Amino acid sequence: MAGAAAMLAAAVLLPPLQTLLSTTTVAPAGWAGAAAAGLAAYLLVRVLRSEPR
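Residues numbered from 1 in each chain as written. Predicted model: local features only at pLDDT ≥ 70, side-chain atom pairs only at ≥ 80, totals over all residues. Heavy atoms only, no water.

All right, on to the overall build of the chain then. If you tally the helices and strands in the chain, you get three helices and zero strands. The helix and strand sequence of the chain, counted from the amino end, reads α-α-α. Computed over its C-alpha atoms, the radius of gyration of the chain comes to 15 Å, more than 25% above the 10 Å expected for a compact globule of 53 residues. Reported as C-alpha extents along the three principal axes, the dimensions of the chain are approximately 50 × 25 × 15 Å. Counting over 53 residues, the chain shows a buried share of 8%. Accessible surface computed for the chain: about 4500 Å², of which carbon and sulfur atoms make up 74%. (Helix = DSSP H or I, 4+ residues; strand = E, 2+ residues; numbered from the N terminus. Rg over C-alpha atoms; globule rule 2.2 N^0.38 Å. Buried < 20%, exposed > 50% of the residue type's maximum accessible area, 1.4 Å probe, protein only. Areas by Shrake-Rupley, 256 points an atom, 1.4 Å probe, with all protein chains shown as cover.)

Okay, structure coming up:
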């Protein structure tokens with residue numbers, strides 16, 4: 001997971017990789033949306049695992 005996060009960060013933050021992959025810098029709203037989606041996924045998994053079976 002950490003490796004994938006590092007590659008994603010490198011792809012959007014390092015100018016040579018931005019040029020190679022044709023990406024742009026992510027706006028703060030984009031980072032906030034990604035963080036919110038990650039948090040929502042984490043909380044959903046926690047809720048579903050806590051249900052009695």
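There's plenty left to go through after this.
With that out of the way, let us pick up a nonpolar patch on the surface. Among the surface-exposed residues, Leu13, Leu14, Val26 and Trp31 lie close enough to one another that they form a single nonpolar patch of about 350 Å² accessible area. With respect to the helices and strands, Val26 occurs in the loop between α2 (15-21) and α3 (28-50). A relative accessible area of 31% places Val26 in the partly exposed class. (Patch = residues over 30% accessible without salt bridge, like charges linked within 9 Å, V, L, I, M, F, W, Y side chains within 5 Å. Salt bridge = Lys/Arg side-chain N within 4 Å of Asp/Glu carboxyl O.)

Take the side chain of Gln18 next. For Gln18, the position within the fold is in helix α2. Exposure remark for Gln18: the relative accessible area of 16% places this residue in the buried category. Beyond its immediate stretch of four places on either side in the chain, Gln18 contacts Ala11, Val12, Leu13, Thr23, Thr24 and Thr25. (Contact = heavy atoms within 4.5 Å.)

The values reported here are purely geometric and, on their own, carry no functional implication.
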